[in-house]
Amino acid sequence: MKKNVFLILILVIGLVSCGDDDKPVVAKMNKLTKVTCKKNGTEYPDYSLDISYNQDGNVSKIVTSRGTFNLIYTGNKVSVINGSNMHTEDFQLSGKVVLTKDEWAVNEYVPNEEYIKNQYNYKYSGSNLSETDWVFQRPLEEGGYKKNTPVSVDKYTWQNGNVVTYAYLPRDEVSYTYATQVRPENFPFRVVNTLQPVTPDLVSPLNTLYGTMNRYLPVSASRYQLGESKESAEYSFSYMLVGDYVTGMTIREKISGSSDETTYEYAFTYNYEEE
């Protein structure tokens, strides 16, 4: 009798083990490592990003057509150094949120002297990015620098966890609409500048530094120019998803007054291998 009970237990354990083995393996939400964008179906991409991470999971290097950019983390500051070992940007953080971004340049009148050409100060409403102020500085031939007073250049309007209106002052305003497709947390889409589909910042992993990300993926957008020109454009978005990963995105652009449509096709790679 004891022998039979033992055999039954072995059989049950074996069945449970087989059941566990048959469960589908789901890849964890890994990080974005490559972005390419092709315009109008061309063979070669208009731009690409290759992204590396350090052992803490932070971006350590971004390779683009403009060169290689290394990120150095020191306390609450992230410095960007290009392939020529020149200082290009500094991000000043509070926790994991950027407060200021400084863009560096070389003084044309004083060789090897670097200065902050552009400074962007970011304002938040809670954790939502609401406004950006810009300070421009230029060197003077007679020495010293001239700095302008802060100018508001970006304004964001949020609704239901998404940016619904973005104003790039004083030129453009973009309105976004959303459906119910939730943005995967490892897909760093962010509303930036005007809507320029070939701008790498649109899907840069550094976008996670700017507070709350959109809750949903946009399905369409409308852009119009402020002022006398009144130029406008319409955009539509479509996506390819594998599980919780966005592996492709297509943006279609239609400029007012033109019968042509421009297509931007994105491909995204993550640091995991599909089974």
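Summarised in this report is the structure supplied together with it. In this text the structure is predicted, and so the values were computed from the model without any measurement. (Residues numbered from 1 in each chain as written. Predicted model: local features only at pLDDT ≥ 70, side-chain atom pairs only at ≥ 80, totals over all residues. Heavy atoms only, no water.)

## Observations concerning the pattern of salt bridges
Under the criterion given, the structure shown has seven salt bridges. Here E131 makes a salt bridge to K155, at a shortest N to O gap of 3.4 Å. One end of the pair, E131, is in strand β9 (residues 128-139); the other, K155, is in strand β11 (residues 151-159), and 24 residues separate them in sequence. R223 serves as the salt-bridge partner of D172, at 3.4 Å between the closest nitrogen and oxygen. Taken together, the positions of D172 in strand β13 (residues 172-182) and R223 in strand β14 (residues 216-225) put the pair 51 residues apart, joining distant regions of the chain. Residue D172 is classed as buried on the basis of its relative accessible area, which comes to 2%. Salt bridges here are not isolated pairs; linked through shared partners, they connect E89, K101 and E103. (Salt bridge = Lys/Arg side-chain N within 4 Å of Asp/Glu carboxyl O. Helix = DSSP H or I, 4+ residues; strand = E, 2+ residues; numbered from the N terminus. Buried < 20%, exposed > 50% of the residue type's maximum accessible area, 1.4 Å probe, protein only.)

## Structural notes on the side chain of N186
Relative to the assigned elements, N186 resides in the loop between β13 and β14. The buried category is assigned to N186, whose relative accessible area is 10%. Of the polar contacts made by the side chain of N186, one reaches the backbone oxygen of N30; its length is 2.8 Å. (Polar contact = N/O pair within 3.5 Å; in protein donor to acceptor, adjacent residues only side chain to side chain.)

## Section: the packing of aromatic side chains
A full pass over the atoms with the stated rule returns 10 aromatic pairs. Joined through ring pairs, the aromatic side chains of Y47, F187, Y266 and F268 make up one cluster. (Phe/Tyr/Trp six-rings, centres within 6.5 Å; stacked < 30°, edge-to-face > 60°.)

## Quick word on empty space enclosed by the protein
Taken as a whole and assessed by the stated rule, the structure comprises one cavity of 30 Å³ or more. A volume near 80 Å³ is recorded for the largest cavity. In this structure, the largest cavity is lined by L129, Y156, W158, V163, F189, R190, V191, Y210, T212, M213 and N214. (1 Å grid on protein atoms, 1.4 Å probe; cavity = no way out; pocket = protein on both sides within 12 Å on 5 of 7 lines; lining within 4 Å. Points joined across faces, edges and corners; volume = space filled by probe spheres on them.)

These values are about where atoms sit, not about what they do.
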